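Breakdown of the fold
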Amino acid sequence: MSTDIPVREITKENPYKILFICLGNICRSPTAEGVFQHEVDEAGLSDYFEIDSAGTSAWHEGEPANSKTRSIAEQHGVKLHSRARQVKGSDTGYFDLLVAMDESNMDNMQHLIHTGENQKKMIKMRDFDPQPEDGNVPDPYYGGISGFENVFQIVKRSSLSLLDTLKPHIKS
Ligand code: 4NP
């Protein structure tokens, strides 16, 4: 598990901003956004983080998360409120951390990244998974419900581990 990410002092005045990224922004990254936000809220740390998600494509612009994605998340107590949007160049400067779901998302982001500083912000979700397997969160879109449950479990493990890494940098 690799945990080399840009960290800084996290305060209410300057919350740590995380953008979760996938292809369509209707399955994996909305799950990551919702799960990470849920963990932050449960920990009483909502004021210290700004969480969003986006897709490298604009195919589903404006849509809520996929119905299976929402249903699995709700079974685990997480409500998803996202509306799909495409990632834009200014996101790479604005956010502190850009978390891609898989290697192809990483590749698709490269044309938006123009500085070494922003390049260091790009990581993969499973860099934080204690059981990273091939390092990618598998795309569940064309498969059955078990793929969506698998995505939820991967994202949950990875989110908890990412939050644990950031917690020591919070200054209340
Ligand atoms: P996501 O899943 O990248 O996790 O949101 C997908 C959603 C839609 C498509 C592919 C993947 N699509 O081909 O429309």
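One can find the structure itself at the top, above this paragraph.
Okay, so let's go over this structure. (Residues numbered from 1 in each chain as written. Predicted model: local features only at pLDDT ≥ 70, side-chain atom pairs only at ≥ 80, totals over all residues. Heavy atoms only, no water.)

Moving on, we get to helix H1 (residues 28–42). For H1, spanning 15 residues, the distance from its first C-alpha to its last is 21 Å, which sits close to the expected 21 Å at 1.5 Å a residue. Among the residues making up H1, those that are buried are Arg-28, Ser-29, Pro-30, Thr-31, Ala-32, Glu-33, Gly-34, Val-35, Phe-36, Glu-39 and Val-40. In the core, the buried residues of H1 are packed alongside strand S1 (16–22), strand S2 (49–55), helix H2 (67–75), helix H4 (103–109) and helix H6 (145–166). Phi for Gly-44, located one or two positions after H1, is positive at around 70 degrees. (Helix = DSSP H or I, 4+ residues; strand = E, 2+ residues; numbered from the N terminus. Expected span 1.5 Å × (residues − 1). Buried < 20%, exposed > 50% of the residue type's maximum accessible area, 1.4 Å probe, protein only. Contact = heavy atoms within 4.5 Å.)

A word on the sheet that holds strand S3 (residues 97–100). The strand order S2-S1-S3-S4 describes an open sheet built from four strands, whose pairing is parallel. Two strands bound the open sheet, and with one partner strand each, they are S2 and strand S4 (122–124). For this sheet, the mean inter-axis angle between neighbouring strands, taken without regard to orientation, is 25 degrees. With three bridges joining them, S3 and S4 adopt parallel strand pairing. Within the sheet, the bridge partner assigned to Leu-98 lies in S4 and is Met-122. Across the sheet, H1 touches S1 and S2, and the angle it forms with S2 is around 170 degrees. On the sheet, H6 packs against S1, S2 and S3 and is oriented at approximately 155 degrees with respect to S1. (Pairing = 2+ DSSP bridges. Axes fitted to C-alpha atoms, helices over the stretch in contact; angles between N-to-C directions.)

With phi around 60 degrees, Asn-25 is a residue other than glycine that occupies positive phi space. Turning to its location among the elements, Asn-25 is positioned in the loop between S1 and H1. According to the relative accessible area criterion, Asn-25 is buried, its value standing at 0%. A positive phi is found at Glu-133, a non-glycine position, where the angle reads about 45 degrees.

The subject of this paragraph is empty space enclosed by the protein. In total, this model carries one cavity of 30 Å³ or more according to the counting rule given. If you add up the space inside the largest cavity, you get close to 30 Å³. What lines the largest cavity is simply Cys-27, Thr-31, Thr-69, Ile-72, Phe-148, Val-151 and Phe-152. Residues belonging to the lining of the largest cavity are distributed by class as follows: five nonpolar, two polar and no charged. (1 Å grid on protein atoms, 1.4 Å probe; cavity = no way out; pocket = protein on both sides within 12 Å on 5 of 7 lines; lining within 4 Å. Points joined across faces, edges and corners; volume = space filled by probe spheres on them. Nonpolar A, V, L, I, M, F, W, Y, C, P; charged D, E, K, R; others polar.)

All we've got here are geometric facts, nothing functional implied.
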